[in-house]
Amino acid sequence: MGKKILVLGELRDGALRNVSFEAIAAGKKLAGDGEVVAVLLGDSVQTQAQLMIQFGADRVIIVENEKLGHYTSDGFSQAFLSVEAQEKPDGIVIGHTALGKDLSPKIANKLNAGLISDVTKIEEGSDNVTFIRPIFSGKAFEKKEIVEGPIFITIRPNNIDMLEKDEFRKGDVKSIAVDIKDLRTIIQDVVRKTSDGVDLSEAKVIIAGGRGVKSAEGFKPLQELADLLGGAVGASRGACDADYCDYSLQIGQTGKVVTPDLYIACGISGAIQHMAGMSNSKVIVAINKDPEASIFNVADYGIVGDLFEVVPLLTEEFRKIKA
Ligand code: FAD
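Residues numbered from 1 in each chain as written. Predicted model: local features only at pLDDT ≥ 70, side-chain atom pairs only at ≥ 80, totals over all residues. Heavy atoms only, no water.

In the annotation of an unreviewed UniProt entry, the chain is listed under the name Electron transfer flavoprotein subunit alpha and assigned to Lederbergia lenta. If you open the UniProt record of the chain and go to Sequence similarities (unreviewed entry), you find "Belongs to the ETF alpha-subunit/FixB family." (UniProt positions renumbered as here; feature names shortened; annotations may be inferred.)

Take a look at the structure:
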C-alpha cells in the first residue's frame, strides 16, 4: 500500500538547496504508490513551489509568515508540526544539513517518533525498507529499519540521486495559514563569513587545503582550480587553526561532512578527524610531499609532490580540456 511522505524543502537566499530535491527522491522510494507532499516554510517561498513539483513532489504546502523569514527551530517546528497534524503522513524526510540537524530531533520528540539521521542510502526490500548510515566517523556503516511508528529520516546531502526535472509535471500547490506563537529566538542580522561561492556541503568538486598550503595566500591556486571546475574550496582544521582560512571551510569530525564526486586534498596529512568528513567522497585525489602521509590510504589517486607545483599544473591541464 502506498504511503504519504512529507518532505521539507530547504532554501538558502530564497533558492531551494539541492538536498530538497534529493529528499523528494528519497520520499518517492518510501511512498511507493502513495504521494510525496513537499512543505515550504518562509516569508516568501511561493516562487519555489513549482520546482518541487518538477523534481517529483505530488503536492506542495506553503506556509508563509514573517516569523519564518529566518530559520529558528522554534518557528519552523511550529509551522512544520502544524502541517504534519493536518496531513498525518506515514513518513518525513528532511536534509541532514545544519537546519535539518537542528530541526529534526525537535520534531521527532514532539511526534514521539524514532529518527534515523544521516542516511546515505535507502534499500527497498520486498516487504521492508533498510536505511544505511555511516557510524564511527565513517569507518563503518549500519543498516536500520523502522519497525513501529512513522518513518522519520534525515538524508546526507549529495548521496541520494535527485529525480530528473520534468518541466511539464503538474501538482497541487496550497498555501495555509499557521498561527506562529511569539518566537523565543529573534534573528536580528545574518553575518556572512564566506563568499557567494558554491555551497561546500553540496559541491560536486572540492579542492581542500591543509597546513601544507602554508598561508592564506597559498589558498589562491586552490581557489583558481575550484573556480575552473565549478567547485568549492575546503580546508583541514590544521589550516583553519593556522588562520589560513575561515572555520566555515573546515571539513571533518568537527567541521562539515562532504561527499563530492571529486575531492582533491592538498597538503593534508589525513588525520582520522579529517577523514571523518570526506572519506565517502566518490573519487579522492591526494597531493602531498610525504609519501607516507595517511591521506594516501583513502586516496584513489595519489600524487607525491609539492602542491605549489602540482595544483597549477592540474589547473593548466583542466583548462586545456575545457577550452
Ligand atoms: P598536518 O597534519 O600538519 O599536515 C600537513 C601536511 O601537508 C603534511 O602531510 C605535509 O607532508 C604536507 N605538506 C607540507 N607542505 C607541502 C607541500 N608544499 N606540498 C604538498 N604537501 C605538503 N581536523 C580536521 O581536518 N577536521 C576536523 O573536523 C577535526 N576535528 C578534530 C577534533 C578533535 C577532537 C581533534 C583532537 C582534532 C581534530 N582535527 C580535525 C585535527 C586533526 O587531528 C589534525 O590535527 C588536522 O587535520 C591536521 O591538519 P593538516 O592535515 O592540514 O596538517
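Novice: Would you mind going over the site of the ligand with me for this structure?
Specialist: Around the ligand, the structure places 26 residues, and the nearest of them are Arg211, Ser236, Thr254, Ser269 and Asn288. Gly267 has a polar backbone atom sitting 3.0 Å from an oxygen atom of the ligand. Look at the ligand: alone it shows 990 Å² of surface, and the protein chains cover 76% of it. Secondary-structure elements contributing two or more residues to the shell around the ligand are α6 (237-241), α7 (272-275) and α9 (307-322). Classifying every residue of the shell around the ligand by side-chain character gives five nonpolar, 15 polar and six charged. (Near = heavy atom within 4 Å. Polar contact = N/O pair within 3.5 Å; in protein donor to acceptor, adjacent residues only side chain to side chain. Areas by Shrake-Rupley, 256 points an atom, 1.4 Å probe, with all protein chains shown as cover. Helix = DSSP H or I, 4+ residues; strand = E, 2+ residues; numbered from the N terminus. Nonpolar A, V, L, I, M, F, W, Y, C, P; charged D, E, K, R; others polar.)

Novice: Can you walk me through unusual backbone geometry in this structure?
Specialist: Trans is the common state for peptide bonds, and a negative phi is the common state for residues other than glycine. Unusually for a residue other than glycine, Asn158 sits at a positive phi of about 75 degrees. With respect to the helices and strands, Asn158 occurs in the loop between β11 (151-155) and β12 (172-175). Located in the positive-phi region is Asp243, a residue other than glycine, with phi close to 70 degrees. With respect to the helices and strands, the residue Asp243 is situated in the loop between α6 and β15 (262-266). Accessibility expressed as a relative area gives 65% for Asp243, which makes it exposed. (Buried < 20%, exposed > 50% of the residue type's maximum accessible area, 1.4 Å probe, protein only.)

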